[in-house]
Amino acid sequence: MEDEVDRLVAAWRRERPDLDVEPLEVLSRVSRLARHLDRARRIAFAEHGLEPWEFDVLTALRRAGSPYQLSPGQLLTQTLVTSGTMTNRIDRLTGKGLVKRLPDPDDRRGVLVRLTDDGRDRADQALAGLLAHERELLAQLTSAQQGELAGLLRQLVAPFDNIP
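Okay, so let's go over this structure. Keep in mind the model is a prediction, meaning the values are calculated, not measured.

Attention shifts here to helix α1 (residues 4–15). Between the first and last C-alpha of α1 there are 17 Å, a value that for 12 residues agrees with the 16 Å anticipated at 1.5 Å per step. Its side-chain oxygen at 3.2 Å from the backbone nitrogen of V5, D3 defines the N-terminal cap of α1.

This is the structure:
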């Protein structure tokens, strides 16, 4: 089976035989897959009335466990956005009734962001929908192949996730 990356690599080998283009064999596929997954996720989230960024914030809170709350700083760490962006996102989610701000009992100047019942329900439904879509995407791989691929990708991603 040939894909677009095979054609791209063949063209570069023909045009630039002086370069080792082997990294393209893996990373161009990862990049293309990421674009396809981004589109599929947008569709899965839209089925539940959510944008990808909304899903990210809601599920970060959901994963925190009961009472499903985090500080804005903890949300920044988990979603990899700036503080200004997070403030805007919290404002928008509050406006939709999906989260609420509460005073932080341990810091008089701080706040906590908590999922509302509606926010928790939307996060749960969107996650179930996403997993159904992703199972379909992975159906052509055996469980063992999925495990092997996950391990290999972990080796590539872990250094980026562990940068202080």
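So much for the structure itself; the text now carries on.
A few words now on the packing of aromatic side chains. Under the criterion given, the structure shown has one aromatic pair. Geometrically, the ring pair formed by F45 and F55 is stacked, given 4.1 Å between the ring centres and 20° between the ring planes. One end of the pair, F45, is in helix α2 (residues 22–46); the other, F55, is in helix α3 (residues 52–63), and 10 residues separate them in sequence. In this structure F55 comes out as buried when scored by relative accessible area, which is 7%.

Here we come to the pattern of salt bridges. Overall, the coordinates contain 15 salt bridges when judged by the stated rule. One salt bridge in this structure joins R13 and E25, with 3.2 Å as the shortest N-O distance. On the criterion of sequence distance, the pair formed by R13 in helix α1 and E25 in helix α2 is long-range, its members being 12 residues apart. By relative accessible area, which is 25% here, E25 ends up partly exposed.

Let's shift gears to the pairing of strand β2 (residues 99–104). Here β2 pairs with strand β3 (residues 107–115) via six bridges, running antiparallel. Residue V99 lies in a different strand from β3, and its bridge partner there is L115. Here β2 folds back onto β3, and the loop between the two strands holds two residues.

The interhelical angle for the contact between α2 and helix α6 (residues 117–138), taken along N-to-C directions, is 140°, at an axis separation of 9 Å. Viewed along their axes, α2 and α6 form a crossing whose handedness is right-handed. Contact residues: α2 offers L37, A40, R41, A44 and F45, while α6 offers A126, L130, H133, E134 and L137. A breakdown of the residues in the contact of α2 with α6 according to their chemical character gives seven nonpolar, one polar and two charged.

Reading the values: the criteria
Residues numbered from 1 in each chain as written. Predicted model: local features only at pLDDT ≥ 70, side-chain atom pairs only at ≥ 80, totals over all residues. Heavy atoms only, no water. Helix = DSSP H or I, 4+ residues; strand = E, 2+ residues; numbered from the N terminus. Expected span 1.5 Å × (residues − 1). Polar contact = N/O pair within 3.5 Å; in protein donor to acceptor, adjacent residues only side chain to side chain. Phe/Tyr/Trp six-rings, centres within 6.5 Å; stacked < 30°, edge-to-face > 60°. Buried < 20%, exposed > 50% of the residue type's maximum accessible area, 1.4 Å probe, protein only. Salt bridge = Lys/Arg side-chain N within 4 Å of Asp/Glu carboxyl O. Pairing = 2+ DSSP bridges. Axes fitted to C-alpha atoms, helices over the stretch in contact; angles between N-to-C directions. Left-handed = near helix turned anticlockwise from the far one by under 90°. Contact = heavy atoms within 4.5 Å. Nonpolar A, V, L, I, M, F, W, Y, C, P; charged D, E, K, R; others polar.

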